[in-house]
Amino acid sequence: MLKDGTYRAWFTTPLGQGTGIAHVAGDKIWGCDSIMNYSGTCRIEGDRFTAVVYTKRHTPGHATVFGADHSKLAIEGTYAGKIGRYTATAEDVPGILLDGTLILCEEEEFVPKPTARAPALDLGKLRKLPRLRTR
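Conventions we followed
Residues numbered from 1 in each chain as written. Predicted model: local features only at pLDDT ≥ 70, side-chain atom pairs only at ≥ 80, totals over all residues. Heavy atoms only, no water. Helix = DSSP H or I, 4+ residues; strand = E, 2+ residues; numbered from the N terminus. Buried < 20%, exposed > 50% of the residue type's maximum accessible area, 1.4 Å probe, protein only. Contact = heavy atoms within 4.5 Å. Areas by Shrake-Rupley, 256 points an atom, 1.4 Å probe, with all protein chains shown as cover. Lys, Arg positive; Asp, Glu negative; His and termini not counted. Charge placed at Lys NZ, Arg CZ, Asp CG, Glu CD. Core = buried A, V, L, I, M, F, W, Y, C linked by side-chain atoms within 4.5 Å. Pairing = 2+ DSSP bridges. Axes fitted to C-alpha atoms, helices over the stretch in contact; angles between N-to-C directions.

1. Comments concerning the overall build of the protein
Scanning the protein for helices and strands turns up 0 helices and 8 strands. For the protein, the spread of C-alpha atoms along the three principal axes comes to 85 × 35 × 30 Å. Burial status across the protein gives 30% buried among its 135 residues. For the protein, restricting intrachain contacts to residue pairs at least 6 apart in sequence, the fraction spanning at least 24 positions comes to 38%. Surface accessibility of the protein: about 10,200 Å² in total, with carbon and sulfur atoms responsible for 56%. Across the protein, the centroid of the 18 positively charged side chains sits 20 Å from that of the 15 negatively charged ones.

This is the structure:
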């Protein structure tokens, strides 16, 4: 099942390929890559998901994978474990199919391992603070 979280996205069309970040929370999906923003809604049913996502260019640069600076995408996919696979079509660019992969980003908790035993605390080695004068 597609879970709420942050995903790495890889996608390709005959016109190009790209990578980005996608966030899923409830029925919302949004994200970006180096030149585009995405936002829309998604529906999750078991291991399958669908979404309607609007894309819009935020930075000039190379051509987009659909060749358009803004699009309405229809997305269908399946999800197993931490990996989702999907296809998408753009309403305004018929005949071009996008293939994509989503991978759930899970942060590992970093707990450093001690490299040596901490020395014993010797309070006698601490500097003494000067006494405060009172009037």
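Once you've had a look at it, read on.
2. Re the nonpolar core
In this structure, Tyr7, Phe66, Ile75, Tyr86 and Leu102 are the most contacted members of the largest nonpolar core, which totals 28 residues. Listed by contribution, the elements that provide at least two residues to this core are strand E1 (5-13), strand E2 (16-25), strand E4 (36-45), strand E5 (48-57), strand E6 (70-80), strand E7 (83-90) and strand E8 (93-104). Among all residues touching Tyr7, those that are not within four sequence positions of it are Leu2, Gly20, Ile21, Ala22, Val24, Tyr79, Leu102, Ile103, Leu104 and Cys105.

3. Considerations on the sheet that holds E8
Spatial ordering of the closed barrel is given by E1-E2-E3-E4-E5-E6-E7-E8, a layout of 8 strands whose pairing is antiparallel. The mean angle between the axes of side-by-side strands here comes to 30 degrees, regardless of whether they run parallel or antiparallel.

4. As for the environment of Ile103
If you trace the backbone, Ile103 turns up in strand E8. A relative accessible area of 28% places Ile103 in the partly exposed class. Counting along the chain gives 96 residues from Ile103 to Tyr7, while the straight-line C-alpha distance between them is 5.2 Å. When residues no more than four places from it in sequence are discounted, the contact partners of Ile103 are Thr6, Tyr7, Arg8, Trp10, Lys82 and Ile83.

5. Digging into the pairing of E5
Sheet analysis places E4 next to E5, joined by 10 bridges and oriented antiparallel. Paired with Ser39 across the bridge in E5 is Tyr54. Taking the residues between adjacent antiparallel strands as the criterion, E4 and E5 are bridged by 2 residues, where Gly46 takes a positive phi near 65 degrees. Taken together, the 9 bridges between E5 and E6 define a ladder with antiparallel strand orientation. Across the sheet, residue Val53 finds its bridge partner in E6, namely Leu73.

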